[in-house]
Amino acid sequence: MSLTAFLYILALIMAGVLLFGAVYFVIMLTDLECDYINPIDLANNLNTYVMPEMVAHLFLFVMFLLLGEWMSMLLNLPLVGWNVVKVVNARQFYDATEVFRTLPKHKRENFVKVAFYLICFFYYLYSMIITLVNESTPDPQQVGY
Amino acid sequence: MSSSGNSLQDPLNTTHRHSSEFVAHSKADNFRDGFTSDISSDDALAVRRRALAEVDNAKFGWFHVKACLVAGIGFFTDSYDIFAINLCSLIMGYVYYANAEGDAKNSTPTKIDMWIKGSTQLGCIIGQFVFGYLSDRLGRKRIYGVELIIIIVCTIGGSFAGNTARGLSVYWILFIWRFVLGIGIGGDYPVSAIITSEFATTKNRGAMIAAVFAMQGFGIVAAAIVSIIVLAAFKGAIDGDQQNLDYVWRIIMGLGAVPGIIALYFRLTIPETPRYTLDIENDAHKAAYDIKTTIGGSKDAAEDRSLLQPSTAQQARVQKPTWTEFYHHFKKWRNFKVLMGTSVTWFALDVAFYGINLNSSIILQAIGFSGKGTPYHELLKTSAGNIILNLLGTLPGYWVTVFTIDRLGRRTIQFIGFVVLLILFCILGFAYHQILDRSVAGFVVLFTLAQFFQNFGPNTTTFIIPSEAFPTRFRSTCHGISAASGKIGAVIAQLGFFQLKNRGGKNAFIPHLIQIFALFMLVGLIFTWFVPETKGKSLEELSEESERDE
């Protein structure tokens, strides 16, 4: 099994985990709206997962780049750019004192991430199957897309 | 005050006796130390109403999502397992029948195949009856982890199945393991549904129960993905020696236990549902405490204090359901017709639901995903094809139901489902060969539409309605009865129709089978008339309606 196939399997699982993470963020933010938790607890809870998510996503991006999977890389480029801008400006963490003010923005950002990771999940699934099927068929019959 | 509250709180009229006990005891207590704050029966009623209002009007939060996930793991495992056995049976053919002759080479014999697949369904029937009854009798919490433990143990056990030295082949051992697995899976149906239903908010109850059921869709996709990954990992070994496929099916089957193991802790530590504590155990304070610690929410301190006062005078008057009571309740046509409606509709649906899957191999061939070639190639393509098929029809159907059921209502969706299925099955049944010959794509589209409307339709609603439409003390038993009648339909479809499939030539009887399914859809449509619409009503309103005359 080639490295590319292995990468797509890993990407599939990670997309699932990241999707679950984004959904968790959305639900935590709506819990804040309904007064189930306070801003400090929310900030502490979510901030532990912000950097791991960015690192995981960056890792996937770099692997796609190195292995020559251009479509997948281009798909992830916007999100990597967004994350880099946030880290450079030190804005990636949730600030307990500001979170009520910026709540709609955060919710929207996380909704978009949920949709994005969902699309990524299906794209990686598709790519993984194509890669695996192509590996086991002789050259003339391989599918190009 | 206590007499007017009777029908709401206490159908069997024990409150009268209660209140006099309260009054006597509280007088004695006050006389004794004057510090204890007892509740009179009026306060008990108010506490009950407040506690239930808190459950019913809670905002949708992480607690509800967690409840859906934990309850849904059973259904995830159920459909993972059904898909896994289809694939594993294929793989076992390559391992154990590699030396058979001619056509039978590399494939499990039909009879054995049929029994392996049907074993879980048979166990399910028993599990649904038994666990449905037990959860009403002993309480939801007491038995909730048990069926998941059975599922985990039997999944792992099945993946270690082997031949005995004399007599029983690996298929027999697997049959026994899967039969007991079925008992566990069957037990999951009523208990998970009732727990979700009793913890849910009135507004979102349909969506929550539907979301629990929708985990089935994920189970199929997960099973297909896992099988692709495991096959890919073993590719080299398989191409070298076909017997290495033995590892593959065992790993695929065993991995099904993993989500269950994760969810087990959460299941064992769930509090008892507030409605069971209130209605059957008559312990209002324990219920209020459980609600506070799980659903929570910020309320002012005064309410908190009164809700959380320990009950000093109240004896927990346990009001367990008995079969005599069951008989008297359902002797009335008004109550019996609901049970009959839910059971017959579920039965009618499952016959078609499990029967239509007999066609999936034809569909796969039609869309070019049943590869002939090396075992690896064929199995890979079968899994990939199944993913596509399920993502097209089944999965969207589940989720459309989740998002619309609280707006459209259960009966509406069930009617729509049965009508559309009736039409689709009539078309497919009477024009089977014409469609197949003329346009394969059309056939696939009709098939996918049928799967979509099964799930945006009776498959989900027949699961949701029994978990709402009965009074608390019978809710789980009746859900178990309805579910079991459904599974009886599934067994008939798998064991019975499977045999009929090849009458008159390979796959020649299938058009007639589909016509029979259309007939069952008509039956389901008619019996949908008997089930009540439960959208937007709290569980108390629904139980009260069935007690009205008493």
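About the cut-offs
Residues numbered from 1 in each chain as written. Chains lettered and ligands numbered in written order. Predicted model: local features only at pLDDT ≥ 70, side-chain atom pairs only at ≥ 80, totals over all residues. Heavy atoms only, no water. Helix = DSSP H or I, 4+ residues; strand = E, 2+ residues; numbered from the N terminus. Contact = heavy atoms within 4.5 Å. Areas by Shrake-Rupley, 256 points an atom, 1.4 Å probe, with all protein chains shown as cover. Lys, Arg positive; Asp, Glu negative; His and termini not counted. Charge placed at Lys NZ, Arg CZ, Asp CG, Glu CD. Buried area = accessible area lost by both parts, 1.4 Å probe. Salt bridge = Lys/Arg side-chain N within 4 Å of Asp/Glu carboxyl O. Polar contact = N/O pair within 3.5 Å; in protein donor to acceptor, adjacent residues only side chain to side chain. Phe/Tyr/Trp six-rings, centres within 6.5 Å; stacked < 30°, edge-to-face > 60°. Buried < 20%, exposed > 50% of the residue type's maximum accessible area, 1.4 Å probe, protein only. Lys NZ or Arg CZ within 6 Å of the ring centre and 35° of its normal. Core = buried A, V, L, I, M, F, W, Y, C linked by side-chain atoms within 4.5 Å. Axes fitted to C-alpha atoms, helices over the stretch in contact; angles between N-to-C directions. Parallel < 35°, antiparallel > 145°, perpendicular 65-115°, else oblique. Nonpolar A, V, L, I, M, F, W, Y, C, P; charged D, E, K, R; others polar. UniProt positions renumbered as here; feature names shortened; annotations may be inferred. Expected span 1.5 Å × (residues − 1). Arc of directions from axis to C-beta. Patch = residues over 30% accessible without salt bridge, like charges linked within 9 Å, V, L, I, M, F, W, Y side chains within 5 Å. Disulfide = S-S within 2.5 Å. Left-handed = near helix turned anticlockwise from the far one by under 90°.

Engineer: An account of the overall build of chain A is requested, with residue identities and associated values reported.
Structural biologist: Scanning chain A from N- to C-terminus turns up four helices and zero strands. Once the C-alpha set of chain A is aligned to its principal axes, its extents read approximately 60 × 30 × 20 Å. Long-range contacts, defined here as pairs at least 24 residues apart, represent 74% of the contacts in chain A between residues at least 6 apart. On chain A, roughly 7,700 Å² of surface is accessible, and the fraction owed to carbon and sulfur atoms is 71%. Across chain A, 7 positive and 11 negative side-chain charges occur, with their mean positions spaced 11 Å apart.

Engineer: If you had to explain the overall build of chain B to someone new, which residues and values would you point to?
Structural biologist: Looking only at helices and strands, one finds 25 helices and zero strands in chain B. If you take every contact in chain B between residues at least 6 apart in sequence, the share linking residues at least 24 apart comes to 83%. Accessible surface, chain B as shown: approximately 21,600 Å² in total, 64% of it carbon and sulfur.

Engineer: How would you summarise the interface of chain B and chain A if you had to cite specific residues and measurements?
Structural biologist: Each partner contributes residues to the interface: chain B has 24 residues there, and chain A has 20 residues. Summed over both sides, the interface between chain B and chain A buries roughly 1,800 Å², with carbon and sulfur atoms accounting for 81% of that surface. Applying the counting rule to chain B against chain A returns zero salt bridges. Inspection of the chain B/chain A interface yields one residue pair in polar contact (both at pLDDT 80 or more). Elements with a minimum of two residues in the side of chain B that touches chain A: helix H4 (62-96), helix H8 (205-233) and helix H18 (375-408) of chain B. Per element, the largest residue contribution to the side of chain B that touches chain A is seven residues, and it comes from H18 of chain B.

Engineer: Which residues make up the packing of aromatic side chains, and what values go with them?
Structural biologist: All names here are of chain B. Counting across every chain of the model gives 45 aromatic pairs over all chains. Ring centres 6.5 Å apart and planes at 45° place the aromatic pair Tyr189 and Trp346 in the tilted group. Placement of Tyr189 in helix H7 (residues 170-199) and of Trp346 in helix H16 (residues 333-356) is noted, with a sequence separation of 157 residues between them. One exposure class covers both Tyr189 and Trp346, and it is buried. One aromatic cluster in this structure is built from Phe75, Tyr189, Phe213, Trp346, Tyr398 and Phe463. Over the face of the ring belonging to Trp529 we find Arg411, whose NZ or CZ atom lies 5.3 Å from the ring centre.

Engineer: Give me the pattern of salt bridges: which residues, what numbers.
Structural biologist: Evaluated as defined, the whole model comprises 18 salt bridges over all chains. Notably, a salt bridge pairs Lys107 of chain A with Glu33 of chain A, separated by 2.9 Å at the nearest N-O pair. Placement of the pair is Lys107 of chain A in helix H4 (residues 103-135) and Glu33 of chain A in helix H1 (residues 3-33), with a sequence separation of 74 residues. When its relative accessible area of 45% is taken as the criterion, Glu33 of chain A is described as partly exposed. One salt bridge connects Arg267 of chain B with Glu147 of chain B, and the closest N-O pair in it is separated by 2.5 Å. Of this pair, Arg267 of chain B sits in helix H11 (residues 257-268) while Glu147 of chain B is found in helix H6 (residues 140-159), placing the two residues 120 residues apart along the sequence. There is no split in this pair, since Arg267 of chain B and Glu147 of chain B are both buried.

Engineer: I'd love a proper account of the nonpolar core, names of residues and values included.
Structural biologist: A general feature of soluble globular proteins is that nonpolar side chains tend to end up buried together. By size, the foremost hydrophobic cluster in this structure holds 105 residues, and its most contacted members are Tyr124 and Met128 of chain A together with Leu245, Ile252 and Phe425 of chain B. Excluding anything up to four places from it in sequence, Tyr124 of chain A contacts Tyr8, Ala11, Leu12, Ala15, Leu60, Phe64, Ser72 and Asn76 of chain A.

Engineer: Any chance you could break down the packing of helix H5 (residues 110-138) of chain B against helix H23 (residues 472-500) of chain B for me, citing the residues and the numbers?
Structural biologist: Residue and element names in this part refer to chain B. Remark: H5 packs on H23, axes separated minimally by 7 Å, with the N-to-C direction vectors making an angle of 170°. The angle between the axes of H5 and H23 places the two elements in the roughly antiparallel class. A breakdown of the residues in the contact of H5 with H23 according to their chemical character gives 16 nonpolar, twelve polar and seven charged.

Engineer: Quick rundown of unusual backbone geometry? Include the residues and the values.
Structural biologist: Residues and elements named next belong to chain A. If you check the backbone angles, Asp35 has positive phi at about 70° while not being a glycine. As for its placement among the helices and strands, Asp35 is situated in the loop between H1 and helix H2 (39-67). In the Ramachandran plot, Ala90 falls in the positive-phi region, its phi being about 55° despite a non-glycine side chain.

Engineer: Please set out the environment of Leu122 of chain B residue by residue, giving values where relevant.
Structural biologist: Its place among the elements puts Leu122 of chain B in helix H5. Separated by 77 residues in sequence, Leu122 of chain B and Leu45 of chain B have C-alpha atoms that sit 44 Å apart.

Engineer: Just give me the short version of the UniProt feature "transmembrane region" (unreviewed entry) in chain B, but keep the residues and values in it.
Structural biologist: The UniProt feature table records "transmembrane region" (unreviewed entry) at residues 143-162, 168-187, 208-235, 247-266, 338-367, 387-405, 412-433 and 509-531 of chain B. Its end C-alpha atoms 26 Å apart, residues 387-405 of chain B is made of 100% helix and 0% strand.

Engineer: Outline the side chain of Glu198 of chain B, listing residues and values.
Structural biologist: Along the polypeptide, Glu198 of chain B turns up in helix H7. At 2.7 Å, the side chain of Glu198 of chain B and the side chain of Arg140 of chain B are in polar contact.

Engineer: How would you explain the UniProt feature "transmembrane region" (unreviewed entry) in chain A if you had to name every residue and give the values?
Structural biologist: All names here are of chain A. Per the UniProt record, "transmembrane region" (unreviewed entry) is annotated on residues 7-29 and 114-133. Between the C-alpha atoms that bound residues 7-29 there is a distance of 32 Å. The span itself is 100% helix and 0% strand. In this annotation, residues 114-133 is assigned 100% helix and 0% strand; the end-to-end C-alpha distance for the span is 29 Å.

Engineer: I'd like a description of helix H24 (residues 510-528) of chain B, backed by residues and values.
Structural biologist: All names here are of chain B. With 19 residues, H24 should reach 27 Å at 1.5 Å per residue; the first-to-last C-alpha distance of 27 Å fits that figure. Looking only at H24, the buried set comprises Ile510, Pro511, Leu513, Ile514, Phe517, Ala518, Phe520, Met521, Gly524, Leu525 and Thr528. Buried residues of H24, seen end-on, are gathered within an arc of 165° and therefore sit on one face of the element.

Engineer: Residues and numbers for a nonpolar patch on the surface, please.
Structural biologist: All names here are of chain B. On the surface, a nonpolar cluster with roughly 690 Å² of combined accessible area is contributed by Tyr247, Ile251, Leu255, Val258, Ile262, Tyr265 and Phe266. Broken down by secondary-structure element, the contributors of at least two residues to the nonpolar patch are helix H10 (245-255) and H11. Ranked by the residues each element gives to the nonpolar patch, the list is headed by H11, at four residues. By secondary structure assignment, the location of Ile262 is in helix H11. Residue classification places Ile262 among the exposed residues on the basis of a relative accessible area of 57%.

Engineer: Could you give an account of the state of the cysteines, with specific residues and numbers?
Structural biologist: All chains considered together, the criterion is met by zero disulfides over all chains. Left without a disulfide partner, Cys68 of chain B is nearest to the cysteine sulfur of Cys34 of chain A, which lies 15 Å away. A relative accessible area of 10% places Cys68 of chain B in the buried class. Here Cys124 of chain B is not disulfide-linked; the sulfur of Cys154 of chain B is the nearest cysteine sulfur, at 12 Å. A residue is classified by how much of its surface remains accessible, and Cys124 of chain B, at 1% relative accessible area, is buried.

Engineer: I'd like a description of the packing of helix H19 (residues 410-430) of chain B against H24 of chain B, backed by residues and values.
Structural biologist: Residue and element names in this part refer to chain B. In the contact formed by H19 and H24, the axes pass within 8 Å of each other and the chain directions differ by 160°. Our classification of the angle between H19 and H24 gives roughly antiparallel. Crossing geometry of H19 relative to H24 is assigned as left-handed. For the pair formed by H19 and H24, the contact residues are Arg411, Gln414, Phe415, Phe418, Val419, Leu421, Leu422, Phe425, Cys426, Leu428, Gly429 and Phe430 on the first element and Pro511, Ile514, Gln515, Phe517, Ala518, Met521, Leu522, Gly524, Leu525 and Thr528 on the second. Looking at the contact of H19 with H24 residue by residue, the class counts come to 16 nonpolar, five polar and one charged.

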